[in-house]
Amino acid sequence: MGKGDKKTKRGKINRGTFGARRPRIKKKPTIENKLSIDKKAIVK
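Residues numbered from 1 in each chain as written. Predicted model: local features only at pLDDT ≥ 70, side-chain atom pairs only at ≥ 80, totals over all residues. Heavy atoms only, no water.

**Thoughts on the overall build of the chain**
Part 1 of the reasoning: Assigned secondary structure in the chain consists of two helices and zero strands.
Part 2 of the reasoning: In the chain, which comprises 44 residues, the proportion classed as buried is 9%.
Part 3 of the reasoning: Accessible surface computed for the chain: about 4700 Å², of which carbon and sulfur atoms make up 57%. (Helix = DSSP H or I, 4+ residues; strand = E, 2+ residues; numbered from the N terminus. Buried < 20%, exposed > 50% of the residue type's maximum accessible area, 1.4 Å probe, protein only. Areas by Shrake-Rupley, 256 points an atom, 1.4 Å probe, with all protein chains shown as cover.)

And the structure:
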């Protein structure tokens, strides 16, 4: 168990892969993006 183990979080970090132990973190839209979208809608 450790860096060489495919099933552990540390092993996933070492290999640079994702899975059940280390899911991808999805980025939330920023406030700036929301404001720019609202402005474009008003301009039309």
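Past the structure itself, the notes keep going.
**Some thoughts on the side chain of Arg22**
Part 1 of the reasoning: Note that Arg22 resides in the loop between helix H1 (9-15) and helix H2 (31-43).
Part 2 of the reasoning: Buried and without a salt bridge, Arg22 has Asp5 as its closest oppositely charged side chain, separated by 13 Å.
Part 3 of the reasoning: Apart from residues lying up to four places away in sequence, Arg22 is in contact with Lys9, Lys12, Ile13, Gly16 and Thr17. (Lys, Arg positive; Asp, Glu negative; His and termini not counted. Salt bridge = Lys/Arg side-chain N within 4 Å of Asp/Glu carboxyl O. Contact = heavy atoms within 4.5 Å.)

**A look at the side chain of Lys12**
Part 1 of the reasoning: Mapped onto the fold, Lys12 is located in helix H1.
Part 2 of the reasoning: Contact partners of Lys12, with chain neighbours within four places excluded, come to Asp5, Lys6, Thr17, Phe18, Gly19 and Arg22.

**Looking at the environment of Lys12**
Part 1 of the reasoning: Lys12 sits in the buried class, given a relative accessible area of 16%.
Part 2 of the reasoning: Along the backbone, Lys12 and Pro23 are eleven residues apart, and their C-alpha atoms lie at a distance of 9.9 Å.

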